[in-house]
Amino acid sequence: MDHLTWAVSWENDLPPEGHDALAGLLARAYPRHVELFRDGCTWSGARPELRVVGSAGDRPVAHLGLVRRFLRVQQTGASLLVGDVGLVAVDPDLQGRGVGRALLDHTLRTMTELALPFGFLTCRPEVVPFYRSGGWQRLDGQITRMIDNDHRPEVYDGPAMALPVRAPMTDWPHGLTVDRNGLEV
């Protein structure tokens, strides 16, 4: 959408009013979890390191949180640097108009500038086609160990996806368990 402006905001640079506006967007995008985004709270698990935000005027209409982290491959102990992605949201009034795809494109540029080998995310099965449209690849057989929002260990066997940014997908440890070693974004 041509009328949107895009920005990458580092967490420390986002003022309180920016959090308030993003909390409103996240509450609209995640209506079953509106309680998480009260009082200007703009995270539900790990707090993002940076955010990719699309705005219409001064109103955010698209958001994605990202944190750089190392995943540990449980079977080998190897570490894998990724841009861990979460809190992907498009204003419900703008869904289906290409805003989400533009958000993924801006995120790829951001991860490229950060010299990340891969993007990584876990998601619900119904949104896998959306991520595939942006170049993300489903990691069949992937198991992800992490901490849930109640701070308990969780083994997630739902969809996990990777985006090759500066490394080929042949470098991804396919079919193995990765340890997120913390909360998802």
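Novice: Hey, could you go over unusual backbone geometry for me, with residue numbers and the actual values?
Specialist: Phi angles above zero are rare outside glycine, and histidine 151 is one such case at about 65°. Secondary-structure assignment places histidine 151 in the loop between β7 (143-147) and β8 (153-156). Of note in the backbone geometry, asparagine 181 takes a positive phi value of approximately 55° without being a glycine. With respect to the helices and strands, asparagine 181 occurs in strand β10 (residues 177-183).

Novice: Tell me about the packing of aromatic side chains, and please be specific about residues and values.
Specialist: Applying the stated criterion across every chain, the model contains five aromatic pairs. Seen from their ring centres, tyrosine 30 and phenylalanine 37 are 6.3 Å apart, and the 35° between their planes marks the pair as tilted. Judged by relative accessible area, tyrosine 30 falls into the partly exposed class, the value being 22%. For the pair tyrosine 131 and tryptophan 136, a centre-to-centre distance of 6.1 Å together with 70° between the ring planes defines the contact as edge-to-face.

Novice: Outline the nonpolar core, listing residues and values.
Specialist: Leu64, Tyr131 and Trp136 are the most contacted members of the largest nonpolar core, which totals 26 residues. Listed in part, the twelve residues of the second largest apolar core include Leu80, Phe120, Ala167 and Trp172.

Novice: Give me the environment of glycine 175: which residues, what numbers.
Specialist: Relative to the elements of secondary structure, glycine 175 occurs in the loop between β9 (160-164) and β10. A residue is classified by how much of its surface remains accessible, and glycine 175, at 44% relative accessible area, is partly exposed. Along the chain, glycine 175 and glutamine 142 lie 33 residues apart, while their C-alpha atoms are 5.1 Å from each other. For glycine 175, the contacting residues outside a window of four places in its chain are Asp140 and Gly141.

About the thresholds
- Residues numbered from 1 in each chain as written.
- Predicted model: local features only at pLDDT ≥ 70, side-chain atom pairs only at ≥ 80, totals over all residues.
- Heavy atoms only, no water.
- Helix = DSSP H or I, 4+ residues; strand = E, 2+ residues; numbered from the N terminus.
- Phe/Tyr/Trp six-rings, centres within 6.5 Å; stacked < 30°, edge-to-face > 60°.
- Buried < 20%, exposed > 50% of the residue type's maximum accessible area, 1.4 Å probe, protein only.
- Core = buried A, V, L, I, M, F, W, Y, C linked by side-chain atoms within 4.5 Å.
- Contact = heavy atoms within 4.5 Å.

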